[in-house]
Structure formats: C-alpha cells, structure tokens
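Inside the fold
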Amino acid sequence: RTSALVQPQLRSYVAGSIDLRSDADRDTVQAIAQHYHRMIDGYRRTLNIPPSNGKDRPLVYLLSTRDVYEAHLRSRGIDGGYSGGIHYWSREQDERAVALPLDSDLRSRVLAVAQHEGFHQFAATRFEHPIPMWLNEGLAEYFEDGLVRRGSFKAGFVPAHRLDHLREAHRQ
C-alpha cells in the first residue's frame, strides 16, 4: 500500500431518505441504497418507531477499495485498518456517517456489515437518549443477520455458522 493515497472524487446521491457518497459505479450504489432503505425501514418496524421526519437523513460512504476506505477514515482522524466498515462521528466535519469498503469478495458480507453499522447509525439518530452499549451492540448483531424477503427486511434469523459455534461450545 502506498502511504500517500489520493482521495478520489466522490459522487453524491440521494436515494429516498439516504444521502450517499461514492466512487463506485451507479448500479452498485443504487443496489446498496435500496437495501439500506429497506433495512432502516426494517429497524423502524421491528422496534415500532415512527417514520423519520427527514432531518436525520443517514449519510453513507460506499468506497470502492480498501485503500480508498482507509484514506477516507484517516482524513477524519480515524484508524480503520482493522475494520470492515464503521459508523463514526467526526466532530471536525460535523458528520455522523457509515463508511463501507466495497472490495470484499462477498457481497453478502458487505451487506451484513452495512446492516450492523447501519443500526448503530440508526440508534444514534433515532433514539432520544443513548441506549446502553450492550443493547446497542446486541441489536446491531441481531440486525446484522437480517435478510430482504419479498422487498422487506426481516430480522431474527440465526445463520448456520452461529449455531455451529454454539453447538461446539456446548460440547466442550
């Protein structure tokens, strides 16, 4: 990796209630924007929270490569070297956002990270008072494994790898 990375020009998109900035191709951005909108609606419906009044439009950075992702975070004073996506608040830029690198081989992994980090963003902007960290993280894990079925985001699924881990722990 080079130490002096040039930040690419990011295009801005507004997709429904979401503000996106990305250097990725339009089709990728549109697909993830549609998924993001559905997952936010899923959080809202699952937790029985009324629709947003529009003032808390989520800001999402979809960054084409790991290098671009890390450079973006460094420009905000964040070391994202070991993260696969992050929800952050930059006081300097007065910005609360989710940033995601898109160069994973597994699109499903990118969406799972978006769902996890997206919940942290949702909780930070939609709850009047901060929720306890353990609850915030637990709900983010719960929503991380959600799926879009027939156009709606559904949570509450337990993936096989998590069940296998639990069974192995029980055997020991």
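Before going into details, it helps to say that this report is about the structure given with it. Values in this document were obtained by computation on a predicted structure and should not be read as measured data.

Bringing the sheet that holds strand β3 (residues 59-63) into the picture now. Taken together, the five strands give an open sheet; going across it, the order is β1-β2-β3-β5-β4, and neighbouring strands pair in mixed fashion. Edge positions in the sheet fall to β1 (11-15) and β4 (86-90), since each of these pairs with one other strand and no more. The sheet shows a mean angle of 25° between the axes of neighbouring strands, direction not considered. Direction of pairing for β1 relative to strand β2 (residues 18-22): antiparallel, over a ladder of five bridges. Bridging from a neighbouring strand, S12 pairs with R21 of β2. Along the sheet, helix α2 (residues 66-74) makes contact with β3, β4 and β5 (95-101), crossing β5 at roughly 160°.

So, about the nonpolar core. Ranked by size, the top nonpolar core spans 28 residues in total, and within it L20, Y36, M39, I40, Y43, L62 and F119 carry the most contacts. Of all the secondary-structure elements, those providing two or more residues to this core are β2, α1 (26-46), β3, β5, α3 (107-126) and α4 (133-144). Excluding residues that lie within four positions of it along the chain, L62 makes contacts with L20, R21, S22, D23, A24, V29, I32, L100 and L102. Counting 11 residues, the second largest nonpolar core, distinct from the first, contains V68, Y69, A97 and A99.

Turning next to α4. Taking 1.5 Å as the rise per residue, α4 with 12 residues should run 16 Å; its terminal C-alpha atoms sit 16 Å apart, in good agreement. Taken together, the buried positions of α4 are occupied by N136, L139, A140, F143 and E144. The arc enclosing the buried residues of α4, seen along the axis, measures out at 140°, which places them on a common side.

A separate point is the pattern of salt bridges. Taken as a whole, this structure holds eight salt bridges when the rule is applied. Between R44 and D41 there is a salt bridge, with the nearest N and O atoms lying 2.7 Å from each other. With R44 and D41 both in helix α1 and three residues apart, the pair spans about one turn of that helix. Here D41 falls in the partly exposed class, since its relative accessible area comes to 26%. For R171, the salt bridge is made with E168, and the minimal N-O distance between the two is 3.1 Å. With R171 and E168 both in helix α5 (residues 160-171) and three residues apart, the pair spans about one turn of that helix. For E168, a relative accessible area of 35% puts it in the partly exposed group. Connected through salt bridges with shared partners, the residues D41, R44 and R45 form a single ionic network.

As a further point, take the packing of α3 against α4. One can describe the packing of α3 onto α4 by two numbers: an axis separation of 8 Å at closest approach and a directional angle of 145°. Our pair here, α3 against α4, has a crossing hand that is right-handed. Residue-level contacts link R109, A112, Q115, H116, F119, H120 and A123 of α3 to N136, E137, L139, A140, E141, F143 and E144 of α4. Partitioning the contact of α3 with α4 into residue classes produces six nonpolar, four polar and four charged.

A word on α3. In an α-helix, one turn spans 3.6 residues, which is why side chains three or four residues apart end up on the same side. For α3, with 20 residues, the first-to-last C-alpha span of 27 Å sits near the 28 Å given by 1.5 Å per residue. Taken across its 20 residues, α3 has 15 buried, putting it largely inside the fold.

Going through the model one piece at a time under the given rule, you end up with nine aromatic pairs. With centroids separated by 6.1 Å and ring planes inclined at 35°, the aromatic side chains of F119 and F122 adopt a geometry described as tilted. One end of the pair is F119 and the other is F122, both in helix α3 and three residues apart, which spans about a single turn. For the residue pair F119 and F122, the accessibility class agrees, reading buried in each case. With 5.2 Å between their ring centres and 75° between their planes, Y142 and F143 make a pair best called edge-to-face.

Analysis parameters
Residues numbered from 1 in each chain as written. Predicted model: local features only at pLDDT ≥ 70, side-chain atom pairs only at ≥ 80, totals over all residues. Heavy atoms only, no water. Pairing = 2+ DSSP bridges. Helix = DSSP H or I, 4+ residues; strand = E, 2+ residues; numbered from the N terminus. Axes fitted to C-alpha atoms, helices over the stretch in contact; angles between N-to-C directions. Contact = heavy atoms within 4.5 Å. Core = buried A, V, L, I, M, F, W, Y, C linked by side-chain atoms within 4.5 Å. Buried < 20%, exposed > 50% of the residue type's maximum accessible area, 1.4 Å probe, protein only. Expected span 1.5 Å × (residues − 1). Arc of directions from axis to C-beta. Salt bridge = Lys/Arg side-chain N within 4 Å of Asp/Glu carboxyl O. Left-handed = near helix turned anticlockwise from the far one by under 90°. Nonpolar A, V, L, I, M, F, W, Y, C, P; charged D, E, K, R; others polar. Phe/Tyr/Trp six-rings, centres within 6.5 Å; stacked < 30°, edge-to-face > 60°.

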